[in-house]
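# Secondary and tertiary structure notes
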Amino acid sequence: MKRKINCETARNFSVVNALEKLGHFPKKTTEKEAWFLSPFRSEAQASFKVSKTNNRWYDHGEGIGGNVIDLVCKILKCSIKEALDYLNNDVTNFSFQQQKVFNDNETQIDITKIQELTHPALIQYLSSRGISIAIAKIYCKEVWYRYKNIPFFAIGLQNHKNGWELRNKFYKNSSSPKSYTYIQNNPKQLIILEGMFDLLSLATIDEDMMNISDIIILNSIAFIKQIEKHISKYELVHLYLDNDSAGKNAIQYLINTYNHVIDKSSFYKNHKDLNDLLRYEK
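Nothing here was measured: the structure is a model prediction, and the numbers come from that model. (Residues numbered from 1 in each chain as written. Predicted model: local features only at pLDDT ≥ 70, side-chain atom pairs only at ≥ 80, totals over all residues. Heavy atoms only, no water.)

This part is about the sheet that holds strand β1 (residues 28–29). In a beta sheet, neighbouring strands are held together by backbone hydrogen bonds and run either parallel or antiparallel to one another. Read across the open sheet, the five strands follow the order β1-β2-β3-β4-β5; overall the sheet is antiparallel. At either end of the open sheet lies a strand with only one pairing partner, and these are β1 and β5 (64–66). Lying over the sheet, helix α3 (residues 68–76) contacts β3 (48–51), β4 (56–59) and β5, oriented at roughly 45° with respect to β4. (Pairing = 2+ DSSP bridges. Helix = DSSP H or I, 4+ residues; strand = E, 2+ residues; numbered from the N terminus. Contact = heavy atoms within 4.5 Å. Axes fitted to C-alpha atoms, helices over the stretch in contact; angles between N-to-C directions.)

With that settled, the discussion passes to the confidence of the model for the chain. Of the residues in the chain, 90% have a pLDDT of 70 or more, and the chain-wide mean is 85. Element-level mean pLDDT values for the chain span from 74 in helix α4 (residues 80–89) up to 98 in strand β13 (residues 214–217). Every residue in residues 90–107 scores below 50 in pLDDT, and together they form 43 contacts with partners more than four places removed in sequence or on other chains. (pLDDT = per-residue confidence, 0-100.)

Take helix α5 (residues 120–128) next. All buried positions along α5 are accounted for by Leu122, Tyr125 and Leu126. Projected down its long axis, α5 shows its buried positions confined to an angular sector of 100°, all on one face. Across from the buried face of α5, at angles greater than 90 degrees, the exposed residues are Pro120, Gln124 and Ser127. Two residues or fewer after α5 comes glycine 130, characterised by a positive phi angle close to 85°. (Buried < 20%, exposed > 50% of the residue type's maximum accessible area, 1.4 Å probe, protein only. Arc of directions from axis to C-beta.)

Next comes the structure, spelled out in structure tokens:
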């Protein structure tokens, strides 16, 4: 009979194993720590550190950290009780021992199948974010991949280097090579968005505008410098970046550098991003 865990015992569960169970795998490991791409946003360089010695995590990008319960609550957006239930249900998948060091080969994501979006769990997740399956099918695919011979599936947005941004209800991940997504319709106007759900949200809110614009989805704010080479090609550039410090810094940089760049974040000024606005309105 499986024993019921409480907060005290749950804190001993390995943070590294919890992240792996949720679909996030280390990009770099040493004996004492592991580095991950943040599970809370898209990024190109790992800024999320786990101390194996203290079994604590710290996200340098947001300046926050905590124990495994805090982590599960934040990733799954659930209560402490629900996090304990999750850990209890998966108790056999967690270890109190120090975790093994992963190498690059072991953390490789292998894409096994790409198809039209059909899985009910993904359709339900899209609906919970205010996105119709019809809109999602225009831009995204259902992507199946394997990690350590275990199959996973997610909503996939392909980038211009043929890597994939991967999202489902429980995690976000990406396959190599990571880069921005560039959708070209060859007009004179460019829209710059931060992530997959910003794309799907704007397509839901203003589909006509999407059809008369080229679109860049950064997939990480770190790609701002890389996409600059495209900006001068257009007569007008609309920015829909997050209302956080990283997004605002990027907006300020671009509007100071280019005369034809317009900040559109006032459209969702009381919300973190376009999807936050969409869910609020729905």
